[in-house]
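Listed below are the residues making up each chain.
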Amino acid sequence: MTLTGVKGAWSELGRSLLERKHLSADWLPAFAAVPRSDFLPDLIWPFDMDTGTTVAVDRRDEPDLWSSYADADVPIVTQWDDGASDGPGDVPTSSASMPSVVFRMLSALEVEAGHRILEIGTGTGWNAALLTHRLGTQNVVSIEIDPKVANAARSRLAAQQLPGQVLTRDGTEGDEAGSPYHRIIATAGVRQIPPAWLRDTPGGMILAPWGTHFGNGDALVRLRVSEDGGVAEGRFLGPVEFMKLRGQRSPFAGHDVHVPNGVAGADRSTTTVTEEQLLGGDDRFDARRFALGLLVRNCHQQVADKRDGTRPVWFYGLTERSWACVMFQDGHAEATVWQSGPRRLWDEVATALAWWRAAGEPGYERLGLTATAHGQRAWLDRPAESWDV
């Protein structure tokens, strides 16, 4: 399929996205009119899907390679360490998401003509431009916490004659002055739905990548907000992974802080839980990991590389210095477990895993979230049966 007026790799990407049902027909005009390349800086760090590494590409030195990445279905880092370094640094902190993810989210947003949209996390400005192209400049407001990133996005939007409003502030505060909005879309991962978002979308919808500190993965959640803005509730749609809102990044202090003396002095036991049962193979988006995070609160998991047939998996308490380690060894029927601190973290994980298996190994679509100004609760199948997260 050839997109009218679109040439080259961007047209090929559009055809691929249509075939994979990531790009819906109603978003096709915006895709054709607003290419991602118009919103990228000269120096980018695309994630190479073949090698699994991030590479630096400068348009001034390698224009053809730069264009091939800009028009590919790959995520592209545009900032490291909140701008403290010119990159690559320790932590990627702003990016242009994969086009397939961008259009999956836009389709899930269910916008209609006349809808007013509040975007949290402007980034490069590309997502705001797509929304503005479809809904008009008066109907799209975007919030970006980083002044330099916000200014660059404003310039790119203006250059493309899509001058949507970009506010420089913490997105968790919402935009009470501009409310009510029909939709809020977050383009950064969240661990708590801010109460301000419910306040700003009475009777509307919140779409956000949501997850726990158990791991870096998220799941896209679509929440319907009550008419009074008091409750937002909905199901998870599937796995994604986003950089996190600055104020909601993981509080994990590091392995050495939790385990300064190794496993010496820890309680030791064994388990018949297998590596496959716990991790589900190599798919880091396996639903069991997400479900375990919903059930084992304030816990961070780290899966170490396997060496010589041995793989340790660590668990760390985020509100105290509890920790646990389970050591899997190929060919062994039992794994060794060490636990230390006031929480028995492995016991909690094993109990949660048993619950997940007994429930029929539910995927993302059976899990949901309810958010209010006072907290959040997750649920399986029915909101009436929920627990704090």
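Refer to the structure presented above.
The following paragraphs examine the structure supplied in this document. Keep in mind that what you see is a predicted model, and the values were worked out from it rather than measured. (Residues numbered from 1 in each chain as written. Predicted model: local features only at pLDDT ≥ 70, side-chain atom pairs only at ≥ 80, totals over all residues. Heavy atoms only, no water.)

Notes on the pairing of strand β10 (residues 205-210)
For step 1, the next point in the chain: Judged by how many residues are buried, β10 sits mostly within the fold: 6 of 6 residues are covered.
For step 2, the next point in the chain: The alternating pattern of β10 places Met 205, Leu 207 and Pro 209 and Ile 206, Ala 208 and Trp 210 on opposite faces, both of which are buried.
For step 3, the next point in the chain: Alignment of strand β9 (residues 183-186) against β10, held across 3 bridges, turns out to be parallel. By the bridge assignment for β10, Ile 184 is matched with Ile 206.
For step 4, the next point in the chain: Handedness of the crossover joining β9 and β10 through helix α7 (residues 195-200) is recorded here as right-handed.
For step 5, the next point in the chain: Inspection of the sheet shows β10 paired to strand β11 (residues 218-225) by 6 bridges, in the antiparallel sense. Along β11, the bridge assignment pairs Pro 209 with Leu 220. (Buried < 20%, exposed > 50% of the residue type's maximum accessible area, 1.4 Å probe, protein only. Helix = DSSP H or I, 4+ residues; strand = E, 2+ residues; numbered from the N terminus. Pairing = 2+ DSSP bridges. Right-handed = clockwise from strand over helix to strand, strands pointing away.)

Describing the packing of aromatic side chains
For step 1, the next point in the chain: Throughout the structure, instances matching the rule amount to 15 aromatic pairs.
For step 2, the next point in the chain: Where Phe 252 meets Tyr 316, the ring centres are 4.7 Å apart and the plane angle is 45 degrees; that geometry is what we call tilted. Highlighted residues: Phe 252 in the loop between β12 (231-240) and α8 (255-258) and Tyr 316 in strand β15 (residues 310-317), separated in sequence by 64 residues.
For step 3, the next point in the chain: Relative accessible area serves as the criterion here: at 0%, Tyr 316 is assigned to the buried category.
For step 4, the next point in the chain: Note on Trp 314 and Tyr 316: the rings are 6.3 Å apart at their centroids and 10 degrees apart in plane angle, and the pair reads as stacked. (Phe/Tyr/Trp six-rings, centres within 6.5 Å; stacked < 30°, edge-to-face > 60°.)

Describing helix α10 (residues 287-295)
For step 1, the next point in the chain: Most of α10 sits out of view: 8 of its 9 residues are buried.
For step 2, the next point in the chain: The backbone nitrogen of Arg 288 has a side-chain oxygen 2.9 Å away, supplied by the residue at the start of α10, namely Asp 286. (Polar contact = N/O pair within 3.5 Å; in protein donor to acceptor, adjacent residues only side chain to side chain.)

What about the side chain of Gln 339?
For step 1, the next point in the chain: Summarising the element assignment, Gln 339 is placed in strand β17 (residues 335-340).
For step 2, the next point in the chain: In terms of polar contacts, Gln 339 uses its side chain to reach the backbone amide nitrogen of Trp 346, at 2.9 Å.
For step 3, the next point in the chain: When near neighbours in sequence (up to four residues on either side) are disregarded, Gln 339 contacts Ala 266, Asp 267, Trp 323, Ala 324, Arg 344, Leu 345, Trp 346 and Asp 347. (Contact = heavy atoms within 4.5 Å.)

Some words on the environment of Ile 206
For step 1, the next point in the chain: With respect to the helices and strands, the residue Ile 206 is situated in strand β10.
For step 2, the next point in the chain: Sequence-wise, Ile 206 and Ile 185 are 21 residues apart; in three dimensions their C-alpha atoms are separated by 6.0 Å.
For step 3, the next point in the chain: If we skip the residues at most four places from it in the chain, Ile 206 touches Ile 184, Ile 193, Trp 197, Leu 198, Thr 201, Val 221, Arg 222, Leu 223, Val 225 and Ala 232.

Here's the deal with the sheet that holds strand β13 (residues 267-271)
For step 1, the next point in the chain: Ordered in space as β13-β17-β16-β15-β14, the 5 strands form an open sheet in which the pairing is antiparallel. The open sheet terminates on both sides in strands that have one partner only, identified here as β13 and β14 (299-303). Neighbouring strand axes in the sheet, compared pairwise and without regard to direction, differ in orientation by 20 degrees on average.
For step 2, the next point in the chain: Examined bridge by bridge, β15 and strand β16 (residues 323-329) share 7 bridges and lie antiparallel to one another. From the neighbouring strand, Arg 311 faces β16, where its bridge partner is Phe 328. (Axes fitted to C-alpha atoms, helices over the stretch in contact; angles between N-to-C directions.)

As for the sheet that holds strand β18 (residues 367-372)
For step 1, the next point in the chain: Read across the open sheet, the 10 strands follow the order β8-β7-β6-β9-β10-β11-β12-β18-β19-β20; overall the sheet is mixed. At either margin of the open sheet sits one strand with a lone partner, and together these are β8 (165-168) and β20 (386-388). For this sheet the average axis-to-axis angle between neighbouring strands, irrespective of direction, equals 25 degrees.
For step 2, the next point in the chain: Looking at chain direction, β11 and β12 are connected through 6 bridges and run antiparallel.

Thoughts on the nonpolar core
For step 1, the next point in the chain: The biggest cluster of nonpolar side chains holds 56 residues, and the ones touching the most others in it are Ile 193, Trp 197, Trp 210, Leu 278 and Phe 315.
For step 2, the next point in the chain: For this core, the element with the highest residue contribution is helix α11 (residues 345-358), accounting for 6 residues.
For step 3, the next point in the chain: In this structure, Trp 197 is in contact with Ile 120, Gly 171, Thr 172, Gly 174, Ile 184, Ala 186, Val 190, Ile 206, Ala 208 and Leu 245, ignoring residues within four places of it in sequence.
For step 4, the next point in the chain: In this structure, Ala 30, Val 102, Val 111 and Val 140 belong to the second largest nonpolar core, which totals 36 residues. (Core = buried A, V, L, I, M, F, W, Y, C linked by side-chain atoms within 4.5 Å.)

Observations concerning the pattern of salt bridges
Oppositely charged side chains can form a pair if their charged atoms are brought close together.
For step 1, the next point in the chain: Evaluated as defined, the whole model comprises 26 salt bridges.
For step 2, the next point in the chain: The shortest N-O distance in the salt bridge between Asp 267 and Arg 344 comes to 2.5 Å. Residue Asp 267 is found in strand β13, and its partner Arg 344 is found in the loop between β17 and α11; the two are separated by 77 residues along the sequence.
For step 3, the next point in the chain: You can call Asp 267 partly exposed: its relative accessible area is 45%.
For step 4, the next point in the chain: A residue is classified by how much of its surface remains accessible, and Arg 344, at 27% relative accessible area, is partly exposed. (Salt bridge = Lys/Arg side-chain N within 4 Å of Asp/Glu carboxyl O.)

Looking at unusual backbone geometry
For step 1, the next point in the chain: In this structure, the amide linkage connecting Ser 179 to the following residue, Pro 180, adopts the cis form with an omega of 5 degrees.
For step 2, the next point in the chain: Structurally, Pro 180 is set in the loop between β8 and β9.
For step 3, the next point in the chain: For Glu 110, which is not glycine, the phi torsion reads 55 degrees and is therefore positive.
For step 4, the next point in the chain: Residue classification places Glu 110 among the partly exposed positions, given a relative accessible area of 33%.
For step 5, the next point in the chain: Positioned with a positive phi, Gln 161 is a non-glycine residue whose angle comes to about 60 degrees.
For step 6, the next point in the chain: Tracing the chain through its elements places Gln 161 in the loop between α6 (147-159) and β8.
For step 7, the next point in the chain: Classification of Gln 161 by relative accessible area gives exposed; the value is 69%.

Structural notes on helix α5 (residues 126-135)
For step 1, the next point in the chain: Counted residue by residue, α5 has 8 buried out of 10 residues, so it is predominantly covered.
For step 2, the next point in the chain: When α5 is considered as a whole, its buried residues turn out to be Trp 126, Asn 127, Ala 128, Ala 129, Leu 130, Leu 131, Thr 132 and Leu 135.

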